[in-house]
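Listed below are the residues making up each chain.
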Amino acid sequence: MPRLSQVEIRNNAIQFVHEWKDETREKAESQTFWNEFLEIFGIKRRRVAIFERAVQKNNMNTGAIDLFWRGVLLVEQKSRGQSLDKASSQAFEYLENLDDNEEPELVLLSDFQRFRLFNLETGEETEFFLSQLPEKIHLFGAISGYQKREYKEQDPVNLKVALKLGELHDALADSGYTGQKLEVFLVRLVYCLFADDTGIFLPRSSFLFLLEEKTAEDGSNLGAMLSQLFQVLDTSEADRQKTLDEDLKGLPHVNGSLFRERFDLPFFNRLMRKLVIEACGFDWAKVSPAIFGSLFQSVMDREKRRNLGAHYTSEKNILKVIHGLFLDELWAEFEQVKNNFSKLRQFHYKLADLRFFDPACGSGNFLVITYREIRHLELRILKQQRQVGHIGVDSPSLIDVDSFYGIEYEEFPAEIARVALWLTDHLANMELSAELGVSYTRLPLEHSPNIIHENALRFNWPRLFSFGFGYRIYLLGNPPFIGKQFRSREQNEDMDLVCHDVPNHRTLDYVCAWYIKATEFLVWNRDYNEQQFGGSVRVAFVSTNSITQGEQVSVLWRYLLQQGVKIQFAHRTFRWSNEAAGNAGVYCVIVGFSLDDAKSKRLFDYESPKGEPQEIVVKNINPYLVDATDVAVANRQRPISPVPEIVFGNMPNDGGHLLLTPDEKEALIAAAPSAEAFIKRFIGAYEFINGTMRYCIWLQNVPPTEWRGIGPIVQRVQSVRQHRLASSRLTTRRLAETPYLFAEIRQPASDYILIPSVSSEGRRYVPIGHMPKDVIASNSVMFIPEASLYHFGVLTSTMHNGWMRQVCGRLESRYRYSNKLVYNNFPWPDAPTKSQRHRVDQTAQGILDARKQYPDATLADLYDPLTMPKDLLEAHRANDDAVDACYGKRRFKTELERLEFLFDLYQQYTGPLVPELKKGRTRRK
């Protein structure tokens, strides 16, 4: 049935008021009154609602609802002049005894001349006279379909919907209906459920009516009914048989290939039919297509369904991408042209020419939210055109789903993405209709999203746009987060194919292949499309923050910078997570880039990964997402500053036979007291931070005559020899020639500074230590021999810790300190005065003294942000001030400012990787 415009509905309401202004009797004309009331909206009552619906009351008696439209409307009617309070009590008593999936959105009380309307969604209560109905008709959006919807990511209906679909999926799968046909069937069913609550099927609940009224309770003919319904949806009104069931005739022609393919539908039983009808009972208008895509994928996996919330993609985080990439700029342009009708119209055409492309689109979350936001902007343009140009709108929207492109590796999510975009388009059309007072739909569907099922890293992206040269393309998304150690064989082959020109590309995470592929697309556009047709491309990806830290920067960004890539906007590290219990979240960045070099860029900094972003307008954004010259710090064999060299600790490669727990140490000494002279304390990162004790047998420079007669030591040395001989590596087997020694020995002859190789990301300061020379350092730490208190003070300062946090690699999320990457590239103070160095000596000693005040506490206790003692914290702050003074008595408000300063200093020490940009002053918003 055709949708009535709001003007038609208002005119029908005026006629209804004229005909019923004198009616007084409750029973005599009540049913006719409500039949004609629904006809105001073009709805035949018998298709959606029933009179005298039986319902149990609180006193266990049976009552009757005067008019009931499941999920939409409950009516209680009284004679003229009777109290509506009594009707209200009855109505809400009935509500208490309805099933949850039957509860209506509207409760309407009337005595023919007065109305009292309760909107259970908004909590609003409105009372008005019959004569006021035309001006109050907008309150009945749940009936007309002209209503605004607000979507909540964690709305309980989302979880309930997914669980119900999961039950249906499992019932069908257990019956033997599996594979692609199950996936396609569920996608079609979801479209119908959505259509039933959002005005695609008119009137609302038409689909539910067909299921309840046209199918047997045992489900025996449900499959045949759905097969016929799907066929009708794919057939134009002109081509439908004249003998078609009247209720099926009212369904629209959907087209768009969604229902085109014919395949066998499942045979249903009573339980399956019940599950389908229960799924109809939810208000699908509340389910955002953006969220539903991820939920739908989880439905297909019983294991994932146990924690459905973990599969939400936060809309808030997606908006960070699209606002920075294009949306803020488009809204700013709208504000500039909105009062000039000609420019406003040209801006509308420009909007229609934009193209949006997600090369790892999954179930379409980024594309759906992008489409919704672009249609919001277009609606604002249309409303403004009316104000400025004083014209009507006949065919208002110029934007359709065929402006959206995607590539998805799996077929089922690609199909979900297409359907989600169609549903979003319909919701946007309904919003447009409500705002402009027109009836605007796109049925049958004439355009389809350009989403293909391919391996994006092996597909030639320009092929998608072979007919669309000259467009501005915004490339965005959330490519897979897969670390180098977790890639499959096929994914390694993908990396080899895409990154063959990038040295050491196997050290990169999988997501980096999308950056390189996107850069190829940028270069193609510059060299071919842009020159001939004027098109342009901009990119913004969400990635793990590993691509802006550690060794990946020098591998990935050195190549990207050489191709001419410039970062236009970025979000520094934040937590990409959801509200699901137990969800760990991922630490991410957003990087927007192109081959253009804008005069100013937008950098979003976070006080903490869970905080809110603060925008900073900067001159340049380098690969570390810092306002500094473009550099990519690479491994360096020696320090760039005149400081002692740092080395790794001693590696045993002994099978554990030269290492001792405290109990093993005591047992060995008890068996051979003379062995104590050859046992030393052995310290690694774990022992250093957590205060645990471990020991080793240390026979370096010890004559064999002194230990050969100690049986327990000889036994252990023999075990080391056997362990090394059993190795498949030649170098290890050769070590069997000296089984009494560690495989690699670098123990210093003096006291040393110890730095753990791995430390928790939660600590403000990585704990480092001043160790005596007779404590043997393991290969899980690094040490600096002959270092002074001054060196200790600088290394434990916020200045060095900030550099480490940005430049180091990660082990999971923990900091992984690197000698070649962090220490050797750290820009130390250039020429501190004697008094400045002396002050650092004092504050460094103050840190060590503060630690001594807590002899029973471990460094893990002392450096936990929740338990760090105040005097130790104050000692570190004093040390920070002293170290900062060595750099020129400069104060830093944020760690980002420190990094900007350090990268500039690094640039001075090493020279630029690419021509240096003149850095402007930053401007904070």
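Please read all numbers here as calculations on a predicted model, not as lab measurements. (Residues numbered from 1 in each chain as written. Predicted model: local features only at pLDDT ≥ 70, side-chain atom pairs only at ≥ 80, totals over all residues. Heavy atoms only, no water.)

Student: Any details on the overall build of the protein chain? Residues and values, ideally.
Tutor: For the protein chain, the count of helices and strands is 31 helices and 27 strands. Every one of the 925 residues in the protein chain was classed for burial, and the buried ones make up 56%. Sequence-distant contacts in the protein chain: of pairs separated by 6 or more residues, those separated by 24 or more amount to 73%. Carbon and sulfur atoms form 47% of the exposed surface of the protein chain, whose accessible area is close to 39,800 Å². (Helix = DSSP H or I, 4+ residues; strand = E, 2+ residues; numbered from the N terminus. Buried < 20%, exposed > 50% of the residue type's maximum accessible area, 1.4 Å probe, protein only. Contact = heavy atoms within 4.5 Å. Areas by Shrake-Rupley, 256 points an atom, 1.4 Å probe, with all protein chains shown as cover.)

Student: Lay out the packing of aromatic side chains with the relevant residues and their values.
Tutor: Scanning the entire structure with this criterion turns up 53 aromatic pairs. Taking the centre distance of 5.0 Å and the plane angle of 85° together, the rings of F33 and F112 count as edge-to-face. Here F33 is found in helix α2 (residues 30-39), whereas its partner F112 is found in the loop between β4 (106-110) and β5 (114-119), with 79 residues between them in sequence. Each of the two residues, F33 as well as F112, counts as buried. Pairing F41 with F140 gives two aromatic rings, centres 6.2 Å apart and planes at 50°, and the pair type is tilted. With F41 in the loop between α2 and β1 (50-56) and F140 in the loop between α4 (133-136) and α5 (141-144), this pair connects stretches of sequence that are 99 residues apart. Residue class for F41 comes out buried when judged on its relative accessible area of 6%. (Phe/Tyr/Trp six-rings, centres within 6.5 Å; stacked < 30°, edge-to-face > 60°.)

Student: I'd love a proper account of the packing of helix α7 (residues 179-198) against helix α9 (residues 222-233), names of residues and values included.
Tutor: Interhelical geometry of α7 versus α9 gives an angle of 70° and a closest axis separation of 12 Å. Here α7 is positioned roughly perpendicular relative to α9, judged by the angle of their axes. Residues F185, R188 and C192 of α7 pack against L226, L229, F230 and L233 of α9. Of the residues in the contact of α7 with α9, the class split is 6 nonpolar, no polar and 1 charged. (Axes fitted to C-alpha atoms, helices over the stretch in contact; angles between N-to-C directions. Parallel < 35°, antiparallel > 145°, perpendicular 65-115°, else oblique. Nonpolar A, V, L, I, M, F, W, Y, C, P; charged D, E, K, R; others polar.)

Student: I'd like to hear about the sheet that holds strand β19 (residues 695-697), residue by residue, with values.
Tutor: The mixed open sheet is built from 4 strands, whose spatial order is β17-β19-β18-β23. Two strands bound the open sheet, and with one partner strand each, they are β17 (659-660) and β23 (776-777). In this sheet, β19 lies alongside strand β18 (residues 679-683) in antiparallel orientation, the contact comprising 3 bridges. Among the inter-strand pairings, I679 is bridged to a residue of β19, identified as I697. (Pairing = 2+ DSSP bridges.)

Student: With reference to specific residues and values, describe the nonpolar core.
Tutor: In this structure, W461, Y515, W557 and F903 are the most contacted members of the largest nonpolar core, which totals 117 residues. By residue number, the principal contributor to this core is helix α18 (residues 512-533), which donates 8 residues. The contacts of W461, once residues within four sequence positions are left out, are F357, P359, I407, A456, L475, W514, K517, A518 and F521. Counting 100 residues, the second largest nonpolar core, distinct from the first, contains L172, A173, L211 and L476. (Core = buried A, V, L, I, M, F, W, Y, C linked by side-chain atoms within 4.5 Å.)

Student: Explain the sheet that holds strand β24 (residues 781-785) residue by residue, including any values.
Tutor: Strand order in the open sheet formed by 4 strands is β16-β24-β20-β22, with antiparallel pairing between adjacent strands. The sheet is open, and its two edges are formed by β16 (647-648) and β22 (769-771), each paired on a single side. Note: β16 against β24, 2 bridges, orientation antiparallel. Across the sheet, the residue bridging to V647 is F783, located in β24.

Student: I'd love a proper account of the confidence of the model for the protein chain, names of residues and values included.
Tutor: In this model, the protein chain carries an average pLDDT of 87, and 90% of its residues clear a pLDDT of 70 or more. Note that pLDDT drops below 50 for residues 578-584; the model gives that stretch 12 contacts with residues more than four away or on any other chain. (pLDDT = per-residue confidence, 0-100.)

Student: Explain unusual backbone geometry to me, using residue names and the numbers behind them.
Tutor: Negative phi values dominate among residues other than glycine, just as trans dominates among peptide bonds. Here the residue pair L202 and P203 is connected by a cis peptide bond, since its omega of -5° sits within 30 degrees of zero. Note that the residue after L443, namely P444, is joined by a cis bond; omega there is 0°. Within the secondary structure, P444 is located in the loop between α16 (411-436) and β9 (450-453). The phi dihedral of F112 falls on the positive side, at around 80°, and the residue is not glycine. Look at F112 and you get buried, because its relative accessible area is 0%. Positive phi, normally seen in glycine, also occurs at L625, with a value near 60°. Relative to the helices and strands, L625 resides in the loop between β15 (613-618) and β16.

Student: Can you break down helix α14 (residues 341-352) residue by residue, with the values?
Tutor: An ideal rise of 1.5 Å per residue puts 16 Å on 12 residues; α14 measures up with 17 Å between its terminal C-alpha atoms. Residues L344, F347, H348, L351 and A352 constitute the buried set of α14. Down the axis of α14, the smallest arc covering the buried residues is 145°, so these residues share one side. Residue N340 occupies the N-cap position of α14, its side-chain oxygen lying 3.1 Å from the main-chain nitrogen of S342. (Expected span 1.5 Å × (residues − 1). Arc of directions from axis to C-beta. Polar contact = N/O pair within 3.5 Å; in protein donor to acceptor, adjacent residues only side chain to side chain.)

Student: Explain a negative patch on the surface to me, using residue names and the numbers behind them.
Tutor: A grouping of D663, E664, E666 and E676 is seen on the molecular surface, where their side chains present a negatively charged patch. Here E664 lies in helix α20 (residues 662-671). (Patch = residues over 30% accessible without salt bridge, like charges linked within 9 Å, V, L, I, M, F, W, Y side chains within 5 Å. Salt bridge = Lys/Arg side-chain N within 4 Å of Asp/Glu carboxyl O. Lys, Arg positive; Asp, Glu negative; His and termini not counted. Charge placed at Lys NZ, Arg CZ, Asp CG, Glu CD.)

Student: Explain helix α23 (residues 711-725) to me, and be specific about the residues and the numbers.
Tutor: For α23, spanning 15 residues, the distance from its first C-alpha to its last is 21 Å, which sits close to the expected 21 Å at 1.5 Å a residue. Restricting attention to buried positions, one finds in α23 the residues I713, V717, V720 and R724. Taken end-on, α23 shows its buried residues confined to a sector of 55°, consistent with a single buried face. Looking at the buried positions of α23, the neighbouring elements they touch are α20, β19, α22 (704-707) and α24 (730-735).

Student: Residue-level account of the pairing of strand β8 (residues 404-408), with values.
Tutor: Among the 5 residues that make up β8, 5 are buried, leaving the element largely enclosed by the rest of the structure. As paired elements, strand β7 (residues 355-358) and β8 share 3 bridges and run parallel to each other. Within β8, the residue paired with F356 across the bridge is F404. In this structure, β8 lies alongside β9, joined through 4 bridges in parallel fashion. Across the sheet, Y405 pairs through a bridge with N450, a residue of β9.

Student: Tell me what's going on with the packing of helix α1 (residues 6-20) against α2, and back it up with residues and numbers.
Tutor: The geometry of a pair of packed helices is captured by two quantities: the angle between their axes and the separation between those axes. Running from N to C, α1 and α2 point in directions that differ by 160°, and their axes come no closer than 9 Å. The orientation of α1 relative to α2 falls into the category roughly antiparallel. In the packing of α1 onto α2, the handedness of the crossing is right-handed. Judged by residue contacts, N12, F16, E19 and W20 of α1 engage T32, F33, E36, F37 and E39 from α2. For the contact of α1 with α2, the class distribution of residues is 4 nonpolar, 2 polar and 3 charged. (Left-handed = near helix turned anticlockwise from the far one by under 90°.)

Student: How would you summarise the pattern of salt bridges if you had to cite specific residues and measurements?
Tutor: By the definition in use, this model includes 45 salt bridges. The closest approach of N and O atoms between K338 and E335, which form a salt bridge, is 2.9 Å. On the basis of relative accessibility, which here comes to 42%, the residue E335 falls in the partly exposed class. The partner of E744 in a salt bridge is R746, with the nearest N and O atoms 2.9 Å apart. The class of E744 is partly exposed, set by a relative accessible area of 32%. Connected through salt bridges with shared partners, the residues R46, R47, K214, D245 and D247 form a single ionic network.

Student: Tell me about the side chain of S536, and name the residues and values.
Tutor: Within the secondary structure layout, S536 lies in strand β11 (residues 536-544). According to the relative accessible area criterion, S536 is buried, its value standing at 13%. Polar contacts involving the side chain of S536 include one to the side chain of R472, which spans 2.8 Å. Apart from the residues lying within four places of it in its own chain, the contact partners of S536 are Y471, R472, I473 and N525.

Student: I'd like a rundown of the pairing of strand β20 (residues 752-756), residues and numbers included.
Tutor: Consecutive side chains along a regular strand alternate between the two faces of the sheet. Of all 5 residues in β20, 5 are buried, a share of seventy percent or more. Side-chain alternation along β20 places Y752, L754 and P756 on one buried face and I753 and I755 on a second face that is also buried. The sheet contact formed by β20 and β22 spans 3 bridges and is antiparallel. Counted as the bridge partner of Y752 is M771 from β22.

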